[in-house]
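# Understanding the architecture of this molecule
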Amino acid sequence: MTALLAELFAFPFMIRALIASVVTGAVCALVGTYVILRGMAFFGDALAHSVLPGVALGYLVGRGSRTVVLWWALGSAVVAALSMGALARRTRFKEDTAIGIVFVIMFAAGIALISTHRGYAVDLTHFLFGNVLGVSPEQLRIVVVLGFCVAALVLILHRGFLIISFDPVLAHTLRMPVRLLSNLLLLLLAVTVVVCLQSVGIALTLAMLVLPPSTGFLLAQRLPSMMALSVFFGVLASVLGLYVSYYAGIAAGPSIVLVGAALFLGALLISPRRRLLLAR
Amino acid sequence: MDPAPHLPVIRSGMRRRLRHQPGAPALEMEGLSVCYAGVPALDSITFSLARSARLGVLGPNGAGKSTLLRVVAGVLQPTSGEIRVYGARPRGHTCIAYLPQKTGVDWTFPLTVVDAVSMGRWGGWNMLRRSTSKDKVAVRQALAQVGLLELAQRRITDLSGGQQQRMFVARALAQEAELLLMDEPLAGLDVNAQRDLLDLVEALPGDPTVVVALHELAVARDRFPQVLLLNRRAVALGAPAEVFVPTHLREAYGDAVELIDTHRGTLVVTDHCCPPQEGKAG
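Going along each chain's sequence as written, the residues are numbered from 1 onward. Whichever chain is written first becomes A and whichever ligand is written first becomes 1, with later ones labelled in order. Local features in this predicted model are restricted to residues whose pLDDT is 70 or higher, and side-chain atom pairs enter the listing and the counts only when it is 80 or higher, whereas totals over whole chains, interfaces and linings include all residues. Values reported for side chains reflect all heavy atoms of the structure, with hydrogen atoms and water molecules removed beforehand.

### Here we look at the sheet that holds strand β3 (residues 54–58) of chain B
Residues and elements named next belong to chain B. Put simply, the test is: Strands qualify as paired when DSSP identifies two bridges or more between them. Numbering of helices and strands runs from the N terminus; a helix is a DSSP stretch of H or I covering at least four residues, while a strand is a stretch of E covering at least two. Angles here are taken between N-to-C directions and fall from 0 to 180 degrees, while the axes themselves are lines fitted to C-alpha atoms, restricted in helices to the stretch in contact. Note on definitions: a residue-residue contact is assigned when non-hydrogen atoms from the two residues lie within 4.5 Å.
Strand order in the open sheet made by the 6 strands is β5-β6-β7-β3-β8-β9, with mixed pairing throughout. Each edge of the open sheet is held by one strand with a lone partner, namely β5 (96–99) and β9 (233–238). Taken over all neighbouring pairs, the strand axes of this sheet differ in orientation by 15° on average, direction set aside. Two strands pair when backbone bridges link them, and β3 and strand β8 (residues 226–231) are joined in this way by 4 bridges, in the parallel orientation. In the strand pairing of β8, G56 is matched with V227. Its contacts with the sheet put helix α1 (residues 65–73) on β3, β5, β6 (179–183), β7 (209–213) and β8, and the angle it makes with β6 is roughly 150°.

### Brief notes about the confidence of the model for chain B
Residue and element names in this part refer to chain B. Formally: A residue's pLDDT is the predictor's confidence in that residue, given on a scale from 0 to 100.
The share of residues in chain B with pLDDT of 70 or more is 85%, and the mean pLDDT across the chain is 82. Of all the helices and strands in chain B, strand β12 (residues 277–281) carries the lowest mean pLDDT, 44, while helix α2 (residues 113–118) carries the highest, 94. Note that residues 1–17 has pLDDT below 50 and, in this model, 45 contacts with residues that lie over four places away or in other chains. Note that pLDDT drops below 50 for residues 274–282; the model gives that stretch 20 contacts with residues more than four away or on any other chain. Model confidence for the complex: the whole-complex pTM is 0.84, and ipTM, which rates the interface, is 0.83.

### Re a nonpolar patch on the surface
All names here are of chain A. What counts is decided by this rule: Any residue with relative accessible area above 30% and no salt bridge may belong to a patch, with like charges joined within 9 Å and the nonpolar Val, Leu, Ile, Met, Phe, Trp and Tyr side chains within 5 Å. Method for areas: the Shrake-Rupley scheme with a 1.4 Å probe, in which residue coverage is limited to the protein chains shown. The term salt bridge refers to a side-chain nitrogen of Lys or Arg lying within 4 Å of a carboxyl oxygen of Asp or Glu.
On the surface, L57, L60, V61, W71 and W72 cluster together into a nonpolar patch covering about 470 Å² of accessible area. Elements represented by at least two residues in the nonpolar patch include exactly α4 (52–61) and α5 (66–90). Ranked by residues supplied to the nonpolar patch, first place goes to α4 with 3 residues. With respect to the helices, strands and loops of the structure, W72 is situated in helix α5.

### A word on the confidence of the model for chain A
Per-residue pLDDT for chain A averages 88, and the proportion of residues at 70 or more is 95%. Averaged pLDDT values over the elements of chain A bottom out at 51 in helix α15 (residues 274–279) of chain A and peak at 94 in helix α13 (residues 223–248) of chain A.

### Brief notes about the environment of V72 of chain B
Residue and element names in this part refer to chain B. With respect to the helices and strands, V72 occurs in helix α1. Put simply, V72 and A97 are 25 residues apart on the chain and 9.9 Å apart in space, counted from C-alpha to C-alpha. Not counting residues up to four positions away in its chain, the partners in contact with V72 are L27, M29, I83, V85, P90, I96, L179 and L181.

### Quick look at the sheet that holds strand β4 (residues 80–85) of chain B
Residues and elements named next belong to chain B. Strand order in this open sheet of 3 strands is β2-β1-β4, and the pairing throughout is antiparallel. Sheet topology places β2 (39–49) and β4 at the edges, where each strand pairs with a single neighbour. For this sheet, the mean inter-axis angle between neighbouring strands, taken without regard to orientation, is 25°. One ladder, built from 7 bridges, connects strand β1 (residues 27–36) with β2; its direction is antiparallel. Residue pairing across strands places L27 opposite L49, the latter belonging to β2. Where α1 meets the sheet, its contacts fall on β1, β2 and β4, and the angle it forms with β1 comes to roughly 115°.

Right, dumping it as structure tokens:
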């Protein structure tokens, strides 16, 4: 059994994959806590899809360098995040409409860019569906550094994020920098989406943002324990998912997500609040 | 569940960004107007409120009660006019506590009562540091003062409507607020819970200024020394007996009230708010 478990670590690419997915799982879980508490799931999904034009342009500019692609993806996500925020604030559209508008423009632009270049299609699939086994050492460094920054900021500022989420008026009366904090949360989400690119990909980023925190929400009574449990389930899903992927021969991204979903369903069954949920 | 007003008020550890001007009223407005997309929600409001006053703000739905409170809280900027809190502009104070409507917050948040009350201590950059023992003492004391100490570890979603409002009062006490703005705190409370909450507000330690938006004319008449009748404009301000007279009530509520003269005064039948209720004035 031990040999079976250790087998994975014989390959350097497997170790890199494991580190990348653990970082992804943990960071998504932390940021995802606010995603589900603030009802930002659609925003998260839209943001994940909005990196596509950045990915395509980065690919073109960097002549196929995956590292360059990550930075362009980050720029794309930041632009999308801030435009969605600004469009919702400055127009009378409902927030989800504003998000939808930016989402479709960015995604369509991305696909349009990709369609201009034949060589794109195969390589860019990696970003759509993730390719954690193909993480290069350089990419891994970027993922770890970005992930660490996001996690540190979320932990340092968690009181601010909590108050602007729970009672924004209180944040105003306490003289918190409300606008700064809400924009920062959007930016952190944008960075998180980029961290996810390589492991679960654009299409399944939302799963990592939503599933582990929801599992934590079911089992925890307070925010700190919810965050801790989310991280635990995010990391567990990543590690187990990689094993399942390796031994069952399915793609790593969906495998991680499906394990995360299984953990969620398990929590739903044992949750003390299950009856309450079902009764609604 | 009785409040414990005999406990001393702790004032420590909270940095005030603005100095209050000595002798200035708690709240002053001069020609204050607020427009939403060109439509006035408040129109040329002028009044001043002494320190430690208890003011009930009444008016039909859409009269601008919440807008008024939000301007004072510094969340909304007035379109024109002046507003001063303890002699200074509202933004910059940390002594103002806004107690949201029941529907204003998400009660499914994973928070305990003590977590929610502790938020009152996180003003400004305090959010970056760990809670000190002074913070913890202040929070415990605030919980004791509103009678929620036993429920401190309860999740906020499990509180009754009255307990939720008391929790917000405790948060304001922990914040060491000197001006409490309560937005329809009585909505959805039964008569007993309403009475308990009003008793608590009357006996608040530290004698803060309190402004309460409410719908119940009878409650305002019985429990508030001063009332403001609002319908975008300030219709009348003063003692309930002077304010709740037929001309003012008709001006504020229009056809929504039916006034019946009885030998004891004017009986007001309102249907502007759900559930329909009766109140007596005059």
